[in-house]
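Residue-level structural notes
The residues making up each chain are set out below.
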Amino acid sequence: MAGSMERARHWRYAELPGVDLLRARYVQKKFVRHTHENFVIAAIADGLEVFHHGGADQYAGPGTLALVNPDTPHTGRAGVPEGWRYGALYPSPDVVAEIAAETTTIRGTPGFVHPVLDDPYAAGLVHQVLRAVDEGNALAADTLLRVAVTRLLRLNGGPLPQRPVRTAGTSAAARARAVLSERMADPPTLARLASDLGTSPFALLRAFRAAYGMPPHAWLTDARVRRARSLLDAGTAPVDAAVAVGFTDQPHLNRHFSRIVGVPPGAYQRERIGGPDGGRGREERAPGHTDGARGRKNVQDR
C-alpha cells in the first residue's frame, strides 16, 4: 500500500543548536494549515510537493526548495501519485538573523521573499548538511548550514514586512489569541470569547483570520501542538502532554500532531531525547534514495 511507503524522521543534532532536522518521504500525507516557530528550508529530492501559501498553491519539485518564514500559515500534500521525498532544515529566527548579519546586507528582520526557489545547488547543500549530521561531522554540518542559509538569503532574501497598523479588529484578534493561549486546555466558545471582548462572533472571526491566517479553532490546535512539542522536548510523556495542552487523550494528540509535525509524538520524542545514538545515523531510507544528487557539487558559496 502507498501509505506503507511513507517514512519520516524528525530530530535534533546537539552540535547544531537552534536547528531542527527532518528527512521524509510522504505519499498520502496531508499537512493541515499550520505554522512553525522556525524557518522551513525543505529541499525536494523526488516527486512533487504542493503547499498552499500566501493565498495560492505553490509547487516544489526535484532540485527546488520550499521556503517558509516563521509564523506563516501553510499546508502540504503530494502533487503526484508517487508523493514526494525531501530533506529539511528548520533554523530558528535567531540562527538566520546571526547568519544574515554576518554575510548579507539585509536590513531589518531577514526572511525569504518567494516560497519556492529553483536552485539545485542549494538543495544539494541541504542534503549535505543532513548527511554530515548522519556521519557525526559537526564541522561540516555547521559549515554547510551557514553556506546554505547565506546562499538562500542572497538569492531570495529580504526584510520581512512590518506588521500592519493596529486597528480595532487586530486589537481584538490579539486579545483573543492571548485568551486562547492562557486557556488552552479550557477555551471559551467563539460567542463567549467575542462577548468578553466586546465584539460579535463573525467580526472576531474575520479579524482573527486576517491577523493570523486561520480561524481561532485552527490556531488553537496549532498552538496546542507547539506547546506539546515543548513538553515532549522536556521529557513529558505523550499521554500527559496531551492532557496538559487540552486534547482529550493521547490518540487525539497523535492525530493532530502527525498532521502538523509529520511524525507521531512518541516517535518525535524518541528521536529528539531518547535515541540510543544521540541523534546520529538512524535514517530510514526510502527506495532509490540519492540524497538529492542532482544538486551535489563541491561546496562553495558562489
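Before going into details, it helps to say that this report is about the structure given with it. Note that this is a predicted model, so its numbers are computed, not measured.

Once that is clear, we can look at the overall build of the protein chain. Each helix and strand in the protein chain was counted, giving ten helices and twelve strands. Burial analysis of the protein chain (302 residues in total) assigns 50% to the buried set. Considering only intrachain contacts with a sequence separation of at least 6, the fraction spanning at least 24 residues in the protein chain is 74%. Carbon and sulfur atoms provide 52% of the accessible area of the protein chain, an area that totals close to 14,200 Å².

It is worth spelling out the nonpolar core at this point. Nonpolar side chains in soluble globular proteins tend to be buried together. Counting 35 residues, the largest nonpolar core has Leu16, Leu21, Ile41, Leu65, Leu89 and Leu152 as its most contacted members. Elements that contribute at least two residues to this core include exactly strand 2 (19-26), strand 4 (40-47), strand 7 (64-68), helix 1 (93-103), helix 2 (120-134) and helix 3 (138-156). The biggest single contributor to this core is helix 2, with nine residues. Beyond its immediate stretch of four places on either side in the chain, Leu65 contacts Ile41, Ala42, Ala43, Pro115, Val116, Leu117, Asp119, Ala122, Ala123, Val126 and Leu152. Judged by nonpolar contacts, the second largest core, of 30 residues, contains Phe208, Tyr212, Trp219 and Ala241.

Taken as a whole and assessed by the stated rule, the structure comprises 15 salt bridges. In this structure, Arg9 engages Glu271 in a salt bridge whose closest nitrogen and oxygen atoms are separated by 3.0 Å. On the criterion of sequence distance, the pair formed by Arg9 in strand 1 (residues 7-12) and Glu271 in helix 10 (residues 265-274) is long-range, its members being 262 residues apart. Relative accessible area serves as the criterion here: at 2%, Arg9 is assigned to the buried category. Taking the shortest distance from any N to any O, the salt bridge between Asp20 and Arg12 comes out at 3.2 Å. Residue Asp20 is classed as buried on the basis of its relative accessible area of 7%. Salt bridges sharing common partners tie together Arg12, Asp20, Arg229, Asp233 and Arg272.

In this sheet, strand 2 lies alongside strand 1 in antiparallel orientation, the contact comprising six bridges. The residue bridging Trp11 from the neighbouring strand is Leu21, located in strand 2. What sits between strand 1 and strand 2 in their antiparallel hairpin is a turn of six residues, with Gly18 showing a positive phi close to 80°.

Packed helices, taken two at a time, are described by the angle their axes make and the gap between the axes. Relative to each other, helix 7 (residues 216-233) and helix 8 (residues 238-245) sit at 140°, their axes nearing to 9 Å. By the angle between their axes, helix 7 is oblique relative to helix 8. The way helix 7 lies across helix 8 gives a crossing that is right-handed. Where helix 7 abuts helix 8, its residues Arg224, Arg227, Ala228, Leu231 and Leu232 lie against Pro238, Ala241, Ala244 and Val245. In terms of residue class, the contact of helix 7 with helix 8 is built from seven nonpolar, no polar and two charged.

This part takes up the sheet that holds strand 2. One open sheet accounts for six strands, arranged 1-2-9-4-7-11; its pairing is antiparallel. Each edge of the open sheet carries a strand with a single partner, namely strand 1 and strand 11 (116-118). Strand after strand, the sheet turns through a mean of 15° between neighbouring axes, direction not considered. Packing against the sheet, helix 2 makes contact with strand 1, strand 2, strand 4, strand 7, strand 9 (84-91) and strand 11, and its axis sits at approximately 75° to strand 9.

Now for the sheet that holds strand 8 (residues 74-78). Pairing in this open sheet of four strands is antiparallel, and the strands run 3-8-5-6 from one edge to the other. One side of each edge strand has no neighbouring strand; the edge strands of this open sheet are strand 3 (30-34) and strand 6 (56-60). Across the sheet, the mean angle separating the axes of adjacent strands is 20° when strand polarity is ignored. Sheet topology note: the strand 5 (residues 49-53)/strand 8 ladder contains three bridges and is antiparallel. The partner of Val50 across the bridge, within strand 8, is Arg77.

With a relative accessible area of 13%, Glu271 lands in the buried category. Reaching out from Glu271, the side chain makes a polar contact with the side chain of Arg9 at a distance of 3.0 Å.

Reading the values: the criteria
Residues numbered from 1 in each chain as written. Predicted model: local features only at pLDDT ≥ 70, side-chain atom pairs only at ≥ 80, totals over all residues. Heavy atoms only, no water. Helix = DSSP H or I, 4+ residues; strand = E, 2+ residues; numbered from the N terminus. Buried < 20%, exposed > 50% of the residue type's maximum accessible area, 1.4 Å probe, protein only. Contact = heavy atoms within 4.5 Å. Areas by Shrake-Rupley, 256 points an atom, 1.4 Å probe, with all protein chains shown as cover. Core = buried A, V, L, I, M, F, W, Y, C linked by side-chain atoms within 4.5 Å. Salt bridge = Lys/Arg side-chain N within 4 Å of Asp/Glu carboxyl O. Pairing = 2+ DSSP bridges. Axes fitted to C-alpha atoms, helices over the stretch in contact; angles between N-to-C directions. Parallel < 35°, antiparallel > 145°, perpendicular 65-115°, else oblique. Left-handed = near helix turned anticlockwise from the far one by under 90°. Nonpolar A, V, L, I, M, F, W, Y, C, P; charged D, E, K, R; others polar. Polar contact = N/O pair within 3.5 Å; in protein donor to acceptor, adjacent residues only side chain to side chain.

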